[in-house]
Structure formats: C-alpha cells, structure tokens
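Here is what each chain is made of, one letter per residue.
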Amino acid sequence: MDIAALVSDPAAWAALVTLIVMEVVLGIDNLIFISILSNKLPEHQRARTRRIGIALALVMRLALLSTLAFIVGLTQPVFALPWQGPIGEHGEPLFELAFSWRDLILIAGGLFLVWKATTEIHEKMEPSDGHGVMDTKGKVITNAGAAIFQIILLDLVFSIDSILTAVGMTDHLAIMITAVVVTVGVMLLAADPLANFINRNPTVVMLALGFLLMIGAVLIADGFGVHVPKGYIYAAMAFSAGVETLNMLARRKKPTVIDKTLH
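The rules behind the values
Residues numbered from 1 in each chain as written. Predicted model: local features only at pLDDT ≥ 70, side-chain atom pairs only at ≥ 80, totals over all residues. Heavy atoms only, no water. Axes fitted to C-alpha atoms, helices over the stretch in contact; angles between N-to-C directions. Helix = DSSP H or I, 4+ residues; strand = E, 2+ residues; numbered from the N terminus. Left-handed = near helix turned anticlockwise from the far one by under 90°. Nonpolar A, V, L, I, M, F, W, Y, C, P; charged D, E, K, R; others polar. Parallel < 35°, antiparallel > 145°, perpendicular 65-115°, else oblique. 1 Å grid on protein atoms, 1.4 Å probe; cavity = no way out; pocket = protein on both sides within 12 Å on 5 of 7 lines; lining within 4 Å. Points joined across faces, edges and corners; volume = space filled by probe spheres on them. Salt bridge = Lys/Arg side-chain N within 4 Å of Asp/Glu carboxyl O. Buried < 20%, exposed > 50% of the residue type's maximum accessible area, 1.4 Å probe, protein only. Patch = residues over 30% accessible without salt bridge, like charges linked within 9 Å, V, L, I, M, F, W, Y side chains within 5 Å. Areas by Shrake-Rupley, 256 points an atom, 1.4 Å probe, with all protein chains shown as cover. Core = buried A, V, L, I, M, F, W, Y, C linked by side-chain atoms within 4.5 Å. Contact = heavy atoms within 4.5 Å.

1. Examining the packing of helix H2 (residues 10-38) against helix H7 (residues 173-200)
- Remark: H2 packs on H7, axes separated minimally by 8 Å, with the N-to-C direction vectors making an angle of 35°. Relative to H7, H2 is oriented so that their crossing is right-handed.
- In the contact of H2 with H7, the residues fall into 19 nonpolar, five polar and one charged.

The structure is reproduced here in structure tokens:
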C-alpha cells in the first residue's frame, strides 16, 4: 500500500494513533531512566545529556526499523537448556528455557536495570556518606560520557522492545516510522519538565527508582518466557503515582493547617 492510500485509509490512522499511544507508554520507562541518570550530572550538562540520550533512542529505533527481517529473527531460539520449567494448570511450562537473542537482551537489560535501581536506592538510603533519603542530589556523575554510555545500553533494550511491539501491531513501515518519530518528539518535549519535576521532589525519585526496579524484574521475567500483561504493570504504576500525588498535595497543605492552628 502506497503513502497516498495509507493517508486516506481510516484503519491506517487508527493503527497509527494506537501505536503512538503504545510507544509513548513504553517510552516513559526509557524517559524515567534518562531523567534520573541525567539529574546526577552537573546542572549545565543535564539538558544536553537528555537530548543526546533521546536522539540516540530515535537513531536506534530507526536503524532497527531498517532491518525488520533481522529484528524478527531475534525472536528465533538460539539455544535451550536441558531442563523444563514446572508445568502449570494449563499443561504448559510456567517459564521457558529456550532463549532467543531477544530474550537474552531483555534479561541482560533487566539485570542492568535492577542493579542500577538498587544502587541508586542504596545511595539514597545510605546515611554514612551524608546523603539521606530526602537528598535530591546524591552522588554527582562528573563524566557525561559514563552517563551517556549507560543510557545507550538501556536505549538498546527499550528500542528492541518498542520495535517488536510496532511489528506486532502493523505491517506498514511508514506507520511504524511515523509513530517512532512522533513518540521521540513527545519524549523530547517531556524530558526537561519530567527531569526537573523528579529533581524537585525527593520522594518522587524513590518512586521512580521503584518503577525501574519493577520494570527490570518484568524484563527478566519476559526473557524467561513469563509474560506479565503490560496493562497490569502500568495500572500499578498509575496507582502508585496517584497515591504519591495525594501525598504531595497533603504535604503542601500541612503547613497551612499548622499556621491556622497557631493563629
């Protein structure tokens, strides 16, 4: 189907809108990681590092889209362990021990996210170095290259997940490319406000790190063939964010209540 036919096809527009929404939701994970990592840099390097990280995400996604046959091939098993997972109530193994390159990439990315989130949480909780849980600065990364390297590693994992999602939703390359470009544009617009919001609210930092920990565990599970529905994950994240929003509103109103009591 050519571009003119796609533009006049309502089904193509519906697929594009649906895919953009899905890609934006998937991009939130990527953006949270970039925001947390860039906030550890000196202030004058943060915005530039975020833009570089998001630009690299776009480059990776477009490069992967240009090799769709290669991407689809990543789902083919490359080796299997000589064991079988426990049998579930439907007569199938609860997890798989035959691994494709996609599975290995997801497991490696999940382990990296779990390690990174755990390290960050430890830094926030460790009182011996002078940084408590309410400290928004923590340890500063002086080398932007180190931050960008870590962003590249996670960009690769999230890019493969993003493109495989796109391949599963539509067969039209033009729709995939448009959705990816629009999604990365939204990420660019949201990057600085999100990073600044996270930096201004210490408890949100801990919540975001908890999200990364959960996402890492889900990636590892997905690599082992345990597919947790994405709706459950994002519903849990939305609920947690809602509770934290109520906490923030309560904290802002608390001094007012105290002042009224004193007067």
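2. Thoughts on the packing of helix H5 (residues 101-125) against helix H8 (residues 202-223)
- It is the contact of H5 with H8, at a shortest axis distance of 7 Å, that shows an interaxial angle of 155°. In this view, H5 runs roughly antiparallel relative to H8, as classed from their interaxial angle. In the packing of H5 onto H8, the handedness of the crossing is left-handed.
- The class makeup of the residues in the contact of H5 with H8 is 17 nonpolar, five polar and five charged.

3. Considering the layout of surface pockets
- Its boundaries defined by the atoms lining it, the largest pocket holds a volume of some 290 Å³.
- Lining the largest pocket are 16 residues; nearest its centre among them are Ile32, Leu194, Leu207, Phe211 and Ala241.
- Contributions of two or more residues to the lining of the largest pocket are made by H2, H7, H8 and helix H9 (230-262).
- Among the elements that take part in the lining of the largest pocket, H9 stands out by supplying seven residues, more than any other.
- Taken together, the residues that form the lining of the largest pocket break down as 14 nonpolar, one polar and one charged.
- Approximately 210 Å³ is the volume attributed to the second largest pocket.
- Together, 14 residues line the second largest pocket, and Arg102, Asp161, Asp222, Val228 and Lys230 are the ones closest to its centre.
- Elements supplying a minimum of two residues to the lining of the second largest pocket: H2, helix H6 (144-169) and H8.
- For the lining of the second largest pocket, a count of residues per class yields eight nonpolar, two polar and four charged.

4. A few points about the pattern of salt bridges
- Applying the stated criterion across every chain, the model contains five salt bridges.
- The residue Arg50 makes a salt bridge to Asp192 at a minimum N-O spacing of 2.9 Å. You can see Arg50 sitting in helix H3 (residues 43-65) and its partner Asp192 sitting in helix H7, a full 142 residues away along the chain.
- Classification of Asp192 as partly exposed rests on a relative accessible area of 27%.
- A salt bridge links Asp103 to Arg102, with the nearest nitrogen and oxygen atoms 3.6 Å apart.

5. Considerations on a nonpolar patch on the surface
- Taken together, the side chains of Leu62, Leu173, Ile177 and Val181 define a hydrophobic patch exposed on the protein surface, amounting to about 280 Å² of accessible area.
- Tracing the chain through its elements places Leu62 in helix H3.

6. Some words on the nonpolar core
- Among the nonpolar cores identified, the biggest contains 52 residues, and Ile32, Phe33, Ile54, Leu113, Leu212 and Met237 are the most heavily contacted of them.
- Secondary-structure elements contributing two or more residues to this core are H2, H3, H5, H6, H7, H8 and H9.
- Look past the residues within four positions of Phe33 in its chain and what remains in contact with it is Phe112, Leu113, Lys116, Gln150, Ile151, Leu154 and Leu212.

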